[in-house]
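Secondary and tertiary structure notes
Here's the letter readout for the chains.
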Number of protein chains: 2
Amino acid sequence: MNISDLTGSCGQWLSCPNTDYSNIVISSRIRLARNLNNFNFMPKISDEDKINVAEEVASALNSTGKGNEFQFFDLENLSKRERSILMERHLISRELIENTGRRGVAFNDDESLSVMINEEDHIRLQSLRGGFSLQQAYETIDKLDDQLAGILDYAYDPELGYLTSCPTNVGTGIRVSVMMHLPALVMTRSIEKAFRAIHDLRLAVRGFYGEGTEALGEIYQISNQITLGRSEQELIDDLKAVIEELAVYETRAREKLITNDRFRLEDRVWRSYATLKNARVLFPDEAMQLLSGIRLGMDMKILPSITPEMLNKIFLFSQPAHLQQIIKEDLKPKERDIARANYVREQFKDI
Amino acid sequence: MNISDLTGSCGQWLSCPNTDYSNIVISSRIRLARNLNNFNFMPKISDEDKINVAEEVASALNSTGKGNEFQFFDLENLSKRERSILMERHLISRELIENTGRRGVAFNDDESLSVMINEEDHIRLQSLRGGFSLQQAYETIDKLDDQLAGILDYAYDPELGYLTSCPTNVGTGIRVSVMMHLPALVMTRSIEKAFRAIHDLRLAVRGFYGEGTEALGEIYQISNQITLGRSEQELIDDLKAVIEELAVYETRAREKLITNDRFRLEDRVWRSYATLKNARVLFPDEAMQLLSGIRLGMDMKILPSITPEMLNKIFLFSQPAHLQQIIKEDLKPKERDIARANYVREQFKDI
């Protein structure tokens, strides 16, 4: 298998399973940070030990047995475009790309379970699933974590819990996060108010590509800030409650739009549709914003012929690396904007 | 005949005759300001004399004979919407609407020849024709002016020429103006430069609705500033030369766009098309700007199925009063934006 094989489909996290609030909660993610005893942590690790860590982890993953058939990718052997494809699929982080030395990622067939090796910590386990599926994501990752713990020598302190490179991850080493589509809260100018209402719970609100990025396409990533002093299940339950609350706010805002501002709502949806179907030049942020309008129109039954699967595919394949993979050519940003418009127009041809 | 009969068609000035630069010069207009001896000029005229002036002018117009069958409209008998329809058709001015007392307008069947009575001067003759047709407009209005001069006692000074309310019109009393569509000069950011190049000739550049209005939809009105010291024909020839120069600049800018920036040009055209075909709420200025994109696309053969006649009709009927006339209802601005979107969408249905 190589990276270009991936671009025939989307990962499981874009497959739109039928969960609660699946029109608002796009995906659910759980990440665990783990490190190995007997090796320096990442900031101080030698190039040789990076290789040793990578080999230990790979060997452990291979012995976790059935159901977890992992594909391994060594970052040093991947082209720039292949690395970007993995990032656009949320399988690796920018930090993993920017590190040096032996590092890589392993993931299963539907990309729902992945392991970054030698990123900020020796091991970053990730379970990423479509819809509002935190519990299922946790069960999957917890099982893998238990299997690995039986093979690897995790850095663990009986009092503090799991030890990590960055103190904010010490304890459970868990990050629980959910990607939400909140266009009606944005359109009714009540998004800040909604976030203020959940502020006390020490959650982080971030953009589409995580820390320090903007909320493109009205997609927000909500995650826990603390990892210490509460159990994994408690942290998941805390976040779940908040996500449900936000989903209710968003649902109410959508109802409000339909009742008070139907023409404005329909106008936005139809303009988004029209522009994506006709533009000859499409900027990346603009495409995200227009696709957000389409997603809203689909959810509100204004555009009934569009399915979430179609939309997620367009969404993923409008990203720069996927776009270049389709036409098998490296493009300058200006050329990409034209290629993006061509690709999207082709997808909307019969819609 | 009443005003609502007008709204079955456009005036001759929107009929797109085949003239030089008819893809750039939308219409040509000549206006003559005249006043009568034996009456105070407008700022000081009594209400009774307004009636006398109106009756003298109407009687004179009636006796100008065949080919000039005028319809008369007394402003005092017209509703607000009917007055606005006349203004949107460029048959009357805002000033005529805002005046008090007896005042009105007379115009012929195809609306190419009109006479405002008791506007800024006792008489304002106008010849307004589609395309680049200044000479034809002048011949028509000159003939009518000669006929009226044989009947009415014009205020005329052998040294100064025609006397008018505002000193800027004294002399010939003529204003020669042309409406130009200059989107490529705007898109290539060379419109200011083009206007600076013609600045010395003492011409005025104005927006779509004349003095003090904005250049909506990239349509500019170019006219002479001086009326004294040169003959009518000289003023017309001066303006003609400038219009031809501007038309050449615009043509070159269009060629430059096609050569250097074809995707941007096509993108603008297709987005305009898409939005007009799909919007549910359409603001007036935005509609003008989008129709400008369509006009450019039509001229550049990007949208070959659109004709200038169709476009001009949509252009005229998207104006507030025409819009309300179609649905025979008075609407608030917000409701008009919805009605405008509905009307335009209907027109673009099969395009």
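Residues numbered from 1 in each chain as written. Chains lettered and ligands numbered in written order. Predicted model: local features only at pLDDT ≥ 70, side-chain atom pairs only at ≥ 80, totals over all residues. Heavy atoms only, no water.

Take the overall build of chain A next. Helix and strand counts for chain A stand at 13 helices and 10 strands. A globule of 351 residues ought to have a C-alpha radius of gyration of about 20 Å, and chain A, at 21 Å, matches this closely. By principal-axis analysis of the C-alpha atoms, chain A measures approximately 65 × 45 × 35 Å. Looking at chain A as a whole, 57% of its 351 residues qualify as buried. If you take every contact in chain A between residues at least 6 apart in sequence, the share linking residues at least 24 apart comes to 71%. (Helix = DSSP H or I, 4+ residues; strand = E, 2+ residues; numbered from the N terminus. Rg over C-alpha atoms; globule rule 2.2 N^0.38 Å. Buried < 20%, exposed > 50% of the residue type's maximum accessible area, 1.4 Å probe, protein only. Contact = heavy atoms within 4.5 Å.)

Following the criterion strictly, the structure yields 38 salt bridges over all chains and no others. A salt bridge links A:Asp261 to A:Arg264; its shortest N-O distance comes to 3.0 Å. Exposure remark for A:Arg264: the relative accessible area of 36% places this residue in the partly exposed category. Of the charged contacts in the structure, one is a salt bridge between B:Lys349 and B:Glu346, with a shortest N-O distance of 3.2 Å. Residue classification places B:Glu346 among the partly exposed residues on the basis of a relative accessible area of 46%. (Salt bridge = Lys/Arg side-chain N within 4 Å of Asp/Glu carboxyl O.)

Another point: the interface of chain B and chain A. At the junction of the two partners, chain B supplies 16 residues and chain A supplies 16 residues. Between chain B and chain A, a total of about 1500 Å² is buried, with carbon and sulfur atoms accounting for 59% of that surface. Here chain B and chain A share 2 salt bridges between them. With a closest N to O distance of 2.5 Å, B:Arg271 and A:Glu286 form a salt bridge. Applying the counting rule to chain B against chain A returns 8 residue pairs in polar contact (both at pLDDT 80 or more). Considering every element that reaches the side of chain B that touches chain A, the biggest residue donor is helix 9 (residues 262-278) of chain B, with 10 residues. (Buried area = accessible area lost by both parts, 1.4 Å probe. Polar contact = N/O pair within 3.5 Å; in protein donor to acceptor, adjacent residues only side chain to side chain.)

Once that is clear, we can look at the relation of the copies chain B and chain A. Taken as rigid bodies, chain B and chain A are interconverted by a rotation of 180 degrees and an axial shift of 0.0 Å, the fit giving an RMSD of 0.0 Å. The two molecules are tied by a two-fold rotation axis, judged by turn and shift. No C-alpha of chain B lies nearer the rotation axis than that of B:Ala274, which sits 2.4 Å from it. (Least-squares fit on C-alpha atoms with pLDDT ≥ 70 in both.)

Take the domain arrangement of chain A next. Residue and element names in this part refer to chain A. For chain A, the assigned domains read domain 1 (3-254) and domain 2 (262-348). Contact residues are listed per partner, giving 24 residues for domain 1 and 27 residues for domain 2. Counting each side, the surface lost to burial between domain 1 and domain 2 is near 2400 Å², with a carbon and sulfur contribution of 62%. Of all residues in domain 1, Arg81, Glu88 and Met187 give up the largest surface area on contact with domain 2, accounting jointly for 29% of the area buried on that side. Where domain 1 packs against domain 2, one counts 3 salt bridges. The partner of Asp330 in a salt bridge is Arg81, with the nearest N and O atoms 3.0 Å apart. Broken down by secondary-structure element, the contributors of at least two residues to the side of domain 1 that touches domain 2 are helix 3 (80-88) and helix 6 (183-187). Residue composition of the side of domain 1 that touches domain 2, grouped by class: 11 nonpolar, 8 polar and 5 charged. (Domains from an automatic or database assignment. Nonpolar A, V, L, I, M, F, W, Y, C, P; charged D, E, K, R; others polar.)

Here the focus is the pairing of strand 10 (residues 219-224) of chain A. Residues and elements named next belong to chain A. Of all 6 residues making up strand 10, 6 are buried, and the element is well covered by its neighbours. Covered by surrounding structure in strand 10 are Ile219, Gln221 and Ser223 together with Tyr220, Ile222 and Asn224, the residues of both alternating faces. Examined bridge by bridge, strand 8 (residues 174-181) and strand 10 share 5 bridges and lie antiparallel to one another. Paired with Met180 across the two strands is Tyr220, which belongs to strand 10. Alignment of strand 9 (residues 203-206) against strand 10, held across 4 bridges, turns out to be antiparallel. What sits directly across from Val205, in strand 10, is Ile222. (Pairing = 2+ DSSP bridges.)

A separate point is the packing of aromatic side chains. According to the stated counting rule, one finds 16 aromatic pairs over all chains in the structure shown. With a centroid separation of 6.2 Å and 75 degrees between ring planes, the pair formed by A:Tyr273 and A:Phe348 is classed as edge-to-face. Within this pair, whereas A:Tyr273 is found in helix 9 (residues 262-278), its partner A:Phe348 is found in the segment after helix 13 (333-347), the two being separated by 75 residues in sequence. For the pair A:Tyr273 and A:Phe348, a shared accessibility class is recorded, and that class is buried. Between B:Phe73 and B:Phe107 the ring centres are 5.4 Å apart and the planes differ by 20 degrees, which places this aromatic pair in the stacked class. With B:Phe73 in strand 2 (residues 71-74) and B:Phe107 in strand 3 (residues 104-107), the pair connects residues that are 34 residues apart, well separated along the chain. (Phe/Tyr/Trp six-rings, centres within 6.5 Å; stacked < 30°, edge-to-face > 60°.)

What follows is about the sheet that holds strand 9 of chain A. All names here are of chain A. Strand order in the open sheet formed by 8 strands is 2-3-4-5-1-8-10-9, with antiparallel pairing between adjacent strands. Only two strands of the sheet have a single neighbouring strand rather than two, namely strand 2 (71-74) and strand 9. Looking at each pair of strands side by side, their axes are set apart by 20 degrees on average, direction ignored. Relative to strand 5 (residues 123-130), strand 4 (residues 113-117) runs antiparallel, the two sharing 5 bridges. Residue pairing across strands places Ser114 opposite Gln126, the latter belonging to strand 5. Across the face of the sheet, helix 2 (residues 47-62) comes into contact with strand 2, strand 3 (104-107), strand 4 and strand 5 while running at roughly 160 degrees to strand 4. (Axes fitted to C-alpha atoms, helices over the stretch in contact; angles between N-to-C directions.)

Our focus in this paragraph is the side chain of B:Gln324. Residues and elements named next belong to chain B. If you trace the backbone, Gln324 turns up in helix 12 (residues 320-327). When its relative accessible area of 9% is taken as the criterion, Gln324 is described as buried. Not counting the four nearest positions on each side in its chain, Gln324 is found in contact with Arg81, Glu329, Asp330, Leu331 and Arg336.

So, on to the sheet that holds strand 8 (residues 174-181) of chain B. Residue and element names in this part refer to chain B. The strand order across the open sheet built from 8 strands is 2-3-4-5-1-8-10-9, with neighbouring strands paired in antiparallel fashion. Every interior strand has two partners, whereas the edge strands, strand 2 and strand 9 (203-206), have only one. Neighbouring strand axes in the sheet, compared pairwise and without regard to direction, differ in orientation by 20 degrees on average. Set on the sheet, helix 2 (residues 47-62) makes contact with strand 2, strand 3, strand 4 (113-117) and strand 5 (123-130); between it and strand 4 the angle comes to about 160 degrees.

All names here are of chain A. Following both chains from N to C, one finds helix 12 (residues 320-327) and helix 13 inclined at 75 degrees, their axes separated by 10 Å at the closest point. Viewed along their axes, helix 12 and helix 13 adopt a mutual orientation that is roughly perpendicular. Residues Pro320, Leu323, Gln324, Ile326 and Ile327 of helix 12 lie in contact with helix 13, whose contacting residues are Arg336, Ala339, Arg340 and Tyr343. Classifying every residue of the contact of helix 12 with helix 13 gives 6 nonpolar, 1 polar and 2 charged. (Parallel < 35°, antiparallel > 145°, perpendicular 65-115°, else oblique.)

What follows is about the side chain of B:Arg175. Examined against the element boundaries, B:Arg175 turns out to sit in strand 8. Every residue in contact with B:Arg175, bar those within four places of it in the chain, is listed here: B:Arg29, B:Ile30, B:Arg31, B:Arg206, B:Ser223 and B:Asn224.

Looking now at unusual backbone geometry. The backbone phi angle of A:Lys328 is positive, close to 50 degrees, even though this residue is not glycine. Here the phi dihedral of B:Glu218 falls at roughly 60 degrees; this positive angle occurs in a residue that is not glycine. The residue B:Glu218 is located in the loop between strand 9 and strand 10 (219-224) in this model.

Here we take up the state of the cysteines. Taken as a whole and assessed by the stated rule, the structure comprises 0 disulfides over all chains. With no disulfide of its own, A:Cys10 lies 8.3 Å from the sulfur of A:Cys16, the closest cysteine sulfur. (Disulfide = S-S within 2.5 Å.)

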